[in-house]
Amino acid sequence: MVGELDFLMPTKLVFGEGRLKEVGEKVKGYGKKALLVTGRKAMKELGFTHQVIEYLKAEGVEAVLYDKVEPNPSKQTVNTGGKLAKGKDCDVIVALGGGSALDAAKGIAVVAKYGGDVWDYMGEGNVPGPVLPLVGIPSTAGTGSETTPYAVITFKEKKMKYFMASPYIFFKVAIVDPLVMMSVPRYITAYTGMDAFTHAAEAYTSRMAQPISDRLALQAIELATGSLPQVVMNGDNLEARTNMALASSLAGMAIAQAGCGNAHCLGEPLGGFFKTDHGAVVGLLLPHVMEYNILTNPDKFVNIAKVMGEKVDGLSLRSAAMKAVEAVRNLLVDIGLPQRLRDLGVQKEAIPEMAEEVMRRNPNGESARTVGLEDVKYLFERAF
Ligand code: NDP
Ligand code: MN
């Protein structure tokens, strides 16, 4: 029986090949002067930054360029962008790039409106009200930031990476054009895709899971299982890129409702200690976390195994559920991602301190099984 459920997805999704050209038309409904927030190199070198500026201009929207966002954006980058948007009287924020540019743009929209330091608005529900309207164009298929109310920001000096969650930071419009993603290099394609997969798996097995997010999550798992190895093997495969773009946005919608679990709760703080790629960390932790959670709802793990194409007939419930863990391990191998934290440059001596930071933050997210300090250390050690 389905009891009560809430479902909020206020973002207009504009999905499909070549739809980048609609950006001017979509943005002009929200403002006349846009701060265009993007990364430092890729979008400019590929010509997308120029294209977006031209498309905006054609619809009478002026663009102020802020192409300073680094991977794992720092709070300083966000604060500077917020001041720039305010100083230049921008009335809309357009984000173009990977999850880093999209998340930075969300923080910028908050600081431009309310001033101060973005760190004051971190955590859940600390954004006081509506922010500058946001339009997002993801260039990676991974974080799902285009459909989530989350932004992840880094406080480098304090070795802290933390999230902001607020319904006010949803994009008004997300333009998801797989042609913008064709050039993503192999390794980045692999880890961003694994990020999307991890969102789907964590949302599906979360304690907040509900029928709508479950369908979105399972669909994302199925799409990613089929298409992620394909697109890692051949980045020019447009169909596989398109499937991954959709998987990422669907998985974003799923975590927007059901939240993430321990792979993210352990992985994010770790990113404050070591310079690591988000998707590689959470993907590597995922099979360990799945195993840890397996008894909370084995039927759901069996469903994951099934949509991943595993044969489960005739197996005991536990063995069938474990097939999902095995399938995720195989996926990591197929796409060439590291399997151990040591391979990502994490040092064993840091585990106790990392575990304490996890416990100080948000150790469980919406995980079905909760962790204590010893469990976090155990999971890090197993993954090491
Ligand atoms: P990044 O946005 O950090 O991008 C990684 C690299 O890929 C950058 O060097 C970037 O170049 C390059 N790049 C991006 N797009 C292209 C392209 N089309 N072609 C070639 N190169 C490209 O990576 P992610 O997308 O993985 O975002 C990670 C961030 O998102 C982390 O901070 C993570 O914590 C966060 N995150 C947010 C979530 C949310 O719900 N908001 C959920 C999960 C993760 P350049 O530097 O030149 O731009
Ligand atoms: Mn993630």
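Above: the structure in question.
Below: a short report on this structure.

Reading the values: the criteria
- Residues numbered from 1 in each chain as written.
- Chains lettered and ligands numbered in written order.
- Predicted model: local features only at pLDDT ≥ 70, side-chain atom pairs only at ≥ 80, totals over all residues.
- Heavy atoms only, no water.
- Near = heavy atom within 4 Å.
- Polar contact = N/O pair within 3.5 Å; in protein donor to acceptor, adjacent residues only side chain to side chain.
- Helix = DSSP H or I, 4+ residues; strand = E, 2+ residues; numbered from the N terminus.
- Nonpolar A, V, L, I, M, F, W, Y, C, P; charged D, E, K, R; others polar.
- Pairing = 2+ DSSP bridges.
- Axes fitted to C-alpha atoms, helices over the stretch in contact; angles between N-to-C directions.
- Contact = heavy atoms within 4.5 Å.
- Phe/Tyr/Trp six-rings, centres within 6.5 Å; stacked < 30°, edge-to-face > 60°.
- Buried < 20%, exposed > 50% of the residue type's maximum accessible area, 1.4 Å probe, protein only.
- Lys NZ or Arg CZ within 6 Å of the ring centre and 35° of its normal.

Attention now moves to the site of ligand 1. For ligand 1, the set of nearby residues contains 32 residues, the closest of which are Ala42, Gly99, Ser100, Ser139 and Thr140. Tyrosine 150 is positioned with one of its backbone polar atoms (N or O) 2.9 Å from a nitrogen atom of ligand 1. Between an oxygen atom of ligand 1 and a side-chain N or O atom of histidine 278, the distance comes to 3.4 Å. Within the residue set of the shell around ligand 1, elements represented by two or more residues are α2 (42-45), α5 (99-114), β7 (150-155) and α6 (186-204). The leading source of residues in the shell around ligand 1 is α6, at five residues. The class makeup of the residues in the shell around ligand 1 is 12 nonpolar, 14 polar and six charged.

A word on the sheet that holds strand β3 (residues 62-69). Taken in spatial order, the six strands make up an open sheet running β1-β9-β6-β4-β2-β3, and their pairing is parallel. In this open sheet, the two edge strands, each paired with only one partner strand, are β1 (12-15) and β3. When strand polarity is set aside, the average angle formed by the axes of neighbouring strands in this sheet is 20 degrees. Bridging between strand β2 (residues 33-39) and strand β4 (residues 92-97) involves five bridges; their strand directions are parallel. Opposite leucine 35, over in β4, you have isoleucine 93 as the bridge partner. Of the strands in this sheet, β2, β3, β4 and β6 (134-138) are in contact with helix α3 (residues 48-58), which crosses β2 at around 170 degrees. Here helix α8 (residues 238-258) sits on the sheet and contacts β1 and β9 (173-176); the angle it forms with β1, its principal contact strand, is near 170 degrees.

Overall, the coordinates contain four aromatic pairs when judged by the stated rule. Residues tyrosine 187 and tyrosine 191 carry aromatic rings whose centres are separated by 5.0 Å and whose planes lie at 65 degrees to one another, so their mutual orientation is edge-to-face. With tyrosine 187 and tyrosine 191 both in helix α6 and four residues apart, the pair spans about one turn of that helix. Note on tyrosine 191: relative accessible area 15%, which makes it buried. A connected cluster of aromatic rings, assembled from ring pairs, spans Trp119, Phe155, Tyr162 and Phe163. Just above the ring of tyrosine 162 sits the side chain of arginine 361; from NZ or CZ to the centre is 4.3 Å.

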